[in-house]
Amino acid sequence: MRRFLLALAAASLSAVLAVVVNLATTAIRLPSWLDKAIWIPCGLVVLAYAVVEWRRGSEEPQLPAAEQLVAAADVLARATLSLWSAQSDAWGIGTAADPVRVTWHWDHERSLPIHEVFDRLSGKDRRIARRRNAGRRNRAEDSRGEQGVVSDLHADLYRRIQRQQLVLLGPAGSGKTAAMLMLLVKAAEECVKPILTGGHAGTPVPVWVTLGGWIPDERSLVDHLVREMEANFRALRHPRYGAHAARRLIEEKRVALFLDGLDEMPAAGQRDALAAIAREAAGLRVVLTSRIEGYDRARASGRLPRPVVLQLDPVEPDTAAEYLRRGHDSDRQRRLWRRLTEQLRSQRDSPAAEAFAIPLILSLARDAFDGPDGEASDPAELIELSSVAEVKARVIGQFLERAYPSDSGPRGRRDRRRNRRHLFYLSWVAYHLRGRRDLRWWELPTWVPVGPLSIAVGIGFGLPTAVLAGACVALAHGAGSDLLWALLGAFLAAVGTAAVFALPSTPPGSAPAPAQPIGMDLRWPTRAEMRTLLVVGSGPPLTIGVATGLLLGPFAGVLVGSSLMGLLIVGTSIGRANVASGLLGIWLKPLADSPASTPDGTFRADRRRTVVTVTSGVVLGGVLFTLFNVVDPPRPGMWSVGPEFGIVAGMMYGIASGLGPAVLTGFAQVVLLPGRPPVRFPVLFREALRRQVLRQAGVVYQFRHAELQDHLAAAYQRRQDAGPARRMKQAAPQALVVAD
């Protein structure tokens, strides 16, 4: 079906350009009765508007005010469970997975006293707590929420606290984000259960928010939440739920906030983060994750009113040994892992035992040293290493070697070169992230020199513009016309427009601001949108059409007015300048910071939107200037300003209004590093996701963990420090990723 639509679009575009050229060359003789027949399309436009109004009137009516928020909460609960259940399966911690067992304990130093929390339990929960604690001899054995297992956090604690803020703390790699994800899925399941039996979500619906991009000085927490909810779950914007459904869900306390990565916020925002959360999320259920040092820094400027703070514990050697030994399907693998686990139990103070206390290293080790018989390395070699850093580096290096093998393999040199190239560019990406966790693909063009990128964009758009304009000149005026000057003029016009509009003006040496990805949601306009289109699109065309009709006749007036009205109704969508008008503006779909989308999906959507906008600019420009040329044909000795000029103007319009980060990223991969084979970033990221080097976190990518990202970034830095003479010779295990 998609191929058929592409073929149909190409044929339609060819037909339109053919008609445009024929009109400009007066090859089509206009009959005398056309002055009257021109009113037929005007009547068709009025009829089409009446049909659209009738269809809009038969839409599903708005729900009563009392039912709007209930229905909106149900829709949000279903969508949340569907989205994050898929994410948990992708992260390997879903219901079908067998993750490592991580425990937690109550942080008495940073938390409310435990008796203040549980004394405020409901009567039912107090009875449950008494039954659980019955027969215990002393307070040390009284675990009324003082400790537990992460996978049971929902039943053990989350359901038992209502107005307290739950804070999960731990060092890097301790599993904070995974713990919150499991908790969110359990909370979403609790919301959906009543809906499946014909009821409604009775508990607050969990909403995941990544704090890395939130700056309290620039945007309030509520505004940030509304923006994410409306972008992620577009169903909340349906008229049946009333106006501002997302904001009203927050105000009515029908959502629970799951805030991830307090320590990953910009330094300027951390100071005011806790104070803003305490102020704006009063009465809402809140779950927050952070490293211990990041939370302490934030507490210096603001405090949560009623925090329940838990710390995730290191994995015990016996638990790590049990995790490493289970799930192997061959005798050799079981023998290798049994030998390692026996040594871990006998050498509990070894660097390997300390490293395996981190869930990240455990899971990476399983992936790195497990495999088919004859191919898997012996994990017992980790016992011989003398420091935790060496163990981490060896595990991560072996994991990357398994993901991107450096040997020839069954497919030979081609795969080896491809793997080495992908590893190099992944290390380049990790280095340029400079400690940030979210990999936003639309920021890649800002990491390359502005000059070469501007030249590449100009040439890339200048050549097709010159070819189209030159073809029109040759058809209209013959091969003996000033074809060379037309080609040169069209090329320079497109190059200049790309240089001015494609990239923002920045001071010398500074990086341009990244453009946000924008998609298109092709749909019927609403009644209000249709009225706005007609009002905006009818005023100037009516005035100009009447004036043209008085001067050149009714045919010319209707032709000019109709063409200008079509141009205004189709409109423009300048994403960088935040200008949107006409249908293209209505169809804009924000994609950035939207966990309901995928990174690869946002790339394709922005690329499609760029193609549609640029193509519409070319076609509209050619048609509009051709119609002007038909109305007022050139006199002898004057050059026509028909489709050739219209295509140039349309291409300039399309570049200025439609050039998006997906196309800029395509040009960036060509001029990225001179002397190196280019890489297609979408393919690079898809492969890294498949090989579990990257993971998806909503609309952005993230490296599987900060330790892996730091390892790759350090490898790229070592290569840069080594100098050109040594770059090709580095072969240490830690420098594996930079081999060429």
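Reading the values: the criteria
- Residues numbered from 1 in each chain as written.
- Predicted model: local features only at pLDDT ≥ 70, side-chain atom pairs only at ≥ 80, totals over all residues.
- Heavy atoms only, no water.
- Helix = DSSP H or I, 4+ residues; strand = E, 2+ residues; numbered from the N terminus.
- Buried < 20%, exposed > 50% of the residue type's maximum accessible area, 1.4 Å probe, protein only.
- Contact = heavy atoms within 4.5 Å.
- Areas by Shrake-Rupley, 256 points an atom, 1.4 Å probe, with all protein chains shown as cover.
- Axes fitted to C-alpha atoms, helices over the stretch in contact; angles between N-to-C directions.
- Parallel < 35°, antiparallel > 145°, perpendicular 65-115°, else oblique.
- Nonpolar A, V, L, I, M, F, W, Y, C, P; charged D, E, K, R; others polar.
- Core = buried A, V, L, I, M, F, W, Y, C linked by side-chain atoms within 4.5 Å.
- Salt bridge = Lys/Arg side-chain N within 4 Å of Asp/Glu carboxyl O.
- Pairing = 2+ DSSP bridges.
- Patch = residues over 30% accessible without salt bridge, like charges linked within 9 Å, V, L, I, M, F, W, Y side chains within 5 Å.
- pLDDT = per-residue confidence, 0-100.
- Phe/Tyr/Trp six-rings, centres within 6.5 Å; stacked < 30°, edge-to-face > 60°.
- Lys NZ or Arg CZ within 6 Å of the ring centre and 35° of its normal.

With that out of the way, let us pick up the overall build of the chain. Looking only at helices and strands, the chain features 29 helices and 13 strands. Buried positions account for 49% of the 740 residues belonging to the chain. Within the chain, counting contacts between residues at least 6 apart in sequence, those at least 24 apart form 77% of the total. When the accessible surface of the chain is split by element, carbon and sulfur atoms take 57% of a total near 35400 Å².

It is the contact of helix H13 (residues 317-325) with helix H14 (residues 331-346), at a shortest axis distance of 9 Å, that shows an interaxial angle of 180 degrees. Judged on the interaxial angle alone, H14 and H13 are roughly antiparallel. Packed against H13, whose contacting residues are Asp318, Ala321, Glu322, Leu324 and Arg325, the element H14 presents Trp337, Arg338, Leu340, Thr341, Leu344 and Arg345 at the interface. Here the contact of H13 with H14 is built from residues that sort into five nonpolar, one polar and five charged.

For soluble globular proteins, the rule of thumb is that nonpolar side chains tend to be buried together. Formed by 155 residues in total, the largest nonpolar core has its most connected members in Leu157, Leu166, Phe356, Phe685 and Val693. Broken down by element, the residue count for this core peaks at eleven residues, all from helix H8 (residues 176-196). With sequence-adjacent residues up to four places away left out, leucine 157 is seen in contact with Trp104, Trp106, Phe118, Leu166, Val308 and Leu310. Judged by nonpolar contacts, the second largest core, of six residues, contains Met520, Leu584, Ile586 and Trp587.

Moving on, we come to the pattern of salt bridges. On inspection of all chains with the given rule, the structure shows 17 salt bridges. A salt bridge links aspartate 107 to arginine 110; the shortest N-O distance between them is 2.7 Å. Here aspartate 107 falls in the buried class, since its relative accessible area comes to 4%. Notably, a salt bridge pairs glutamate 381 with arginine 394, separated by 2.7 Å at the nearest N-O pair. Here the residue glutamate 381 occupies a position in the loop between helix H16 (359-369) and helix H17 (388-403), and arginine 394 occupies one in helix H17, the gap between them amounting to 13 residues. Exposure remark for arginine 394: the relative accessible area of 24% places this residue in the partly exposed category. Several salt bridges share partner residues, and in doing so they unite Asp107, Arg110, Asp296 and Arg299 into one network.

The next subject is the pairing of strand S1 (residues 103-106). With burial as the criterion, only one face of S1 is covered, namely that bearing Trp104 and Trp106; the residues Thr103 and His105 on the opposite face remain uncovered. Bridge count between S1 and strand S2 (residues 147-149): three bridges; the pairing is antiparallel. Of the residues in S2, the one forming a bridge with tryptophan 104 is glycine 148. With three bridges joining them, S1 and strand S7 (residues 307-312) adopt antiparallel strand pairing. Bridge pairing links histidine 105 to glutamine 311 in S7.

Moving on, we come to a nonpolar patch on the surface. Taken together, the side chains of Ile455, Ile459 and Leu463 make up a nonpolar region of the molecular surface, amounting to roughly 280 Å² of accessible area. Within the secondary structure, leucine 463 is located in helix H19 (residues 450-477). Here leucine 463 falls in the partly exposed class, since its relative accessible area comes to 48%.

Now for the confidence of the model for the chain. Counting all residues, the mean pLDDT for the chain is 74, and 68% of those residues have values of 70 or more. Highest mean pLDDT in the chain belongs to strand S3 (residues 165-169) (94); lowest belongs to helix H6 (residues 123-133) (44). Scored below 50 in pLDDT, residues 121-143 makes 18 contacts in the model with residues more than four places away or belonging to other chains. A low-confidence stretch, residues 592-596 stays under pLDDT 50, and its non-local contacts, those more than four residues away or across chains, total 20 contacts.

The N-to-C vectors of helix H18 (residues 413-433) and helix H27 (residues 681-690) enclose an angle of 95 degrees; their axes lie 11 Å apart at closest approach. By the angle between their directions, the pair H18 and H27 is classed as roughly perpendicular. Where H18 abuts H27, its residues Arg418, His422, Tyr425, Leu426, Trp428 and Val429 lie against Phe681, Val683, Leu684, Phe685, Glu687 and Ala688. Within the contact of H18 with H27, the residues separate by chemical class into nine nonpolar, one polar and two charged.

Here we take up the packing of aromatic side chains. According to the stated counting rule, one finds eleven aromatic pairs in the structure shown. Between tryptophan 84 and tryptophan 208 the ring centres are 4.8 Å apart and the planes differ by 25 degrees, which places this aromatic pair in the stacked class. Separated by 124 residues along the polypeptide, tryptophan 84 in helix H4 (residues 65-90) and tryptophan 208 in strand S4 (residues 205-210) bring together distant segments of the chain. Classification of tryptophan 84 by relative accessible area gives buried; the value is 4%. On the accessibility criterion, tryptophan 208 (7% relative accessible area) is buried. Relative to tyrosine 716, the ring of tyrosine 431 has its centre 5.0 Å away and its plane inclined at 45 degrees; by these criteria the two rings are tilted. One end of the pair, tyrosine 431, is in helix H18; the other, tyrosine 716, is in helix H28 (residues 706-722), and 285 residues separate them in sequence. What links up through ring pairs into an aromatic cluster is the set Trp428, Trp447, Phe681, Phe685 and Tyr701. The ring of tyrosine 158 is capped by arginine 285, whose NZ or CZ atom sits 4.0 Å from the centre of that ring.

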